[in-house]
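A look at the structure
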Amino acid sequence: MQWTPSQREEIMNLWQKLRVADTRDGLDWMGYHHYGSMSPRMRPLWRTRAVGFAKTARYIPYDKPRPDVTGQAYTEWSNWYYGHICVYPWLMEIEQYDFPVIDMSNINVGLMGSNNTMEGVRAGAVGYVTFGGVRDTDEIILQKIPFWSTMVSQPMDQGRIQYESHNGKINCDGVCVSPGDLVVADGDGVVVVPSELITDVAKWAARENAGDREARRKLYADLGLPPDESVLP
């Protein structure tokens with residue numbers, strides 16, 4: 001689903017305080033117990049939170065022989081590979097509040113790294129989710145780019161993975177993700193809200209969040225703890 005800029009702002013405001021747990025509860029209240037949550041292996045590189053709209057892409061294993069070349073000849077083949085086989089057209093289409101979700105066929109390869117993640121953030125991306133690997137992780141953490149993946153990888157793309165499509169429905173760690181779905185991610189993992197359920201899920205998620213904040217605020221007071229943003233109304 002395509003959202004207007006004003007609709008995107010409104011939805012982002014709805015989720016300003018809502019966590020993955022609240023979103024999961026909101027989906028339950030709508031009867032979607034079976035849907036939306038990626039598996040526990042989908043983990044953040046560092047403890048952070050991000051909310052945005054799915055920008056989908058799909059990559060598959062490379063199915064051709066690799067040339068028997070080294071040195072400068074390998075450099076030339078590598079340049080050709082990135083120009084023709086493992087391309088990133090979706091990266092040039094990112095808009096404000098996009099949350100790229102990439103089906104990498106769970107391949108152990110660093111499709112995203114410290115450089116190209118910054119390109120997306122510069123264009124407005126709020127974070128990344130990959131069903132597969134990510135590399136340059138120390139730099140990504142240093143750059144404070146929110147990133148969730150099923151593994152941390154060392155290898156580069158060439159000879160291992162190829163672009164297949166983008167802006168279509170994909171599988172990401174067992175969840176069917178469509179462009180425009182809402183992606184919510186934090187230390188508890190990643191959950192996806194189908195675009196047609198966003199308003200209803202927000203209603204029930206907000207109720208659960210408000211009840212949790214009120215209950216914990218009272219406990220903070222009993223324990224003499226100063227309130228923080230997690231318990232403020």
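To be clear, the structure that these remarks concern was listed above.
Small disclaimer: the values here were computed from a predicted structure and weren't measured.

Things to note about the overall build of the chain
- If you tally the helices and strands in the chain, you get 6 helices and 10 strands.
- Relative to the 2.2 N^0.38 estimate, which gives 17 Å for 233 residues, the radius of gyration of the chain is 19 Å and therefore close to what a compact globule would have.
- Overall, the C-alpha framework of the chain stretches about 70 × 35 × 30 Å when taken along its three principal axes.
- Per-residue burial over the chain gives 48% buried out of 233 residues.
- Of the contacts formed within the chain by residues at least 6 apart in sequence, a portion of 77% connects residues at least 24 apart.
- Between the mean site of the 23 positive side-chain charges and the mean site of the 30 negative ones, the chain shows a separation of 3 Å.

Some thoughts on the environment of threonine 117
- Summarising the element assignment, threonine 117 is placed in helix α4 (residues 116-123).
- Expressed as a C-alpha distance, the spacing of threonine 117 and proline 100, which sit 17 residues apart in the sequence, is 10.0 Å.

What about the nonpolar core?
- Judged by nonpolar contacts, the single largest core of 38 residues is most densely connected at Trp15, Met38, Val101, Val129, Cys172, Val177 and Leu182.
- Ignoring sequence-local partners within four residues, the contact set of valine 101 consists of Met38, Ala54, Lys55, Thr56, Ala57, Val129, Ile170, Cys172, Val177 and Val183.
- Membership of the second largest hydrophobic core comes to 25 residues, among which are Tyr62, Trp90, Met104 and Tyr128.

Quick look at unusual backbone geometry
- The phi dihedral of serine 105 is positive, around 60°, even though this residue is not glycine.
- Topologically, serine 105 is positioned in the loop between β3 (98-103) and α4.
- On the basis of relative accessibility, which here comes to 30%, the residue serine 105 falls in the partly exposed class.
- Of note, the phi angle at asparagine 167 is positive, near 65°, even though the residue is not glycine.
- Within the element layout of this structure, asparagine 167 appears in the loop between β6 (161-166) and β7 (170-172).

Some thoughts on the packing of aromatic side chains
- In the structure shown here, the tally under the stated rule is 11 aromatic pairs.
- For the pair tyrosine 32 and tyrosine 35, a centre-to-centre distance of 6.2 Å together with 75° between the ring planes defines the contact as edge-to-face.
- Among the aromatic residues, those joined into a ring-pair cluster are Tyr62, Tyr74, Trp77, Trp80 and Tyr81.
- For lysine 144, the ring lying beneath its charged end belongs to tryptophan 46, and the centroid distance is 5.7 Å.

Considerations on the pattern of salt bridges
- On inspection of all chains with the given rule, the structure shows 13 salt bridges.
- Between arginine 135 and aspartate 136 there is a salt bridge, with the nearest N and O atoms lying 3.9 Å from each other.
- Owing to a relative accessible area of 22%, arginine 135 belongs among the partly exposed residues under this scheme.
- Salt bridges sharing partners connect three or more residues here, namely Arg19, Asp22, Asp212 and Arg216.

Rules and cut-offs
Residues numbered from 1 in each chain as written. Predicted model: local features only at pLDDT ≥ 70, side-chain atom pairs only at ≥ 80, totals over all residues. Heavy atoms only, no water. Helix = DSSP H or I, 4+ residues; strand = E, 2+ residues; numbered from the N terminus. Rg over C-alpha atoms; globule rule 2.2 N^0.38 Å. Buried < 20%, exposed > 50% of the residue type's maximum accessible area, 1.4 Å probe, protein only. Contact = heavy atoms within 4.5 Å. Lys, Arg positive; Asp, Glu negative; His and termini not counted. Charge placed at Lys NZ, Arg CZ, Asp CG, Glu CD. Core = buried A, V, L, I, M, F, W, Y, C linked by side-chain atoms within 4.5 Å. Phe/Tyr/Trp six-rings, centres within 6.5 Å; stacked < 30°, edge-to-face > 60°. Lys NZ or Arg CZ within 6 Å of the ring centre and 35° of its normal. Salt bridge = Lys/Arg side-chain N within 4 Å of Asp/Glu carboxyl O.

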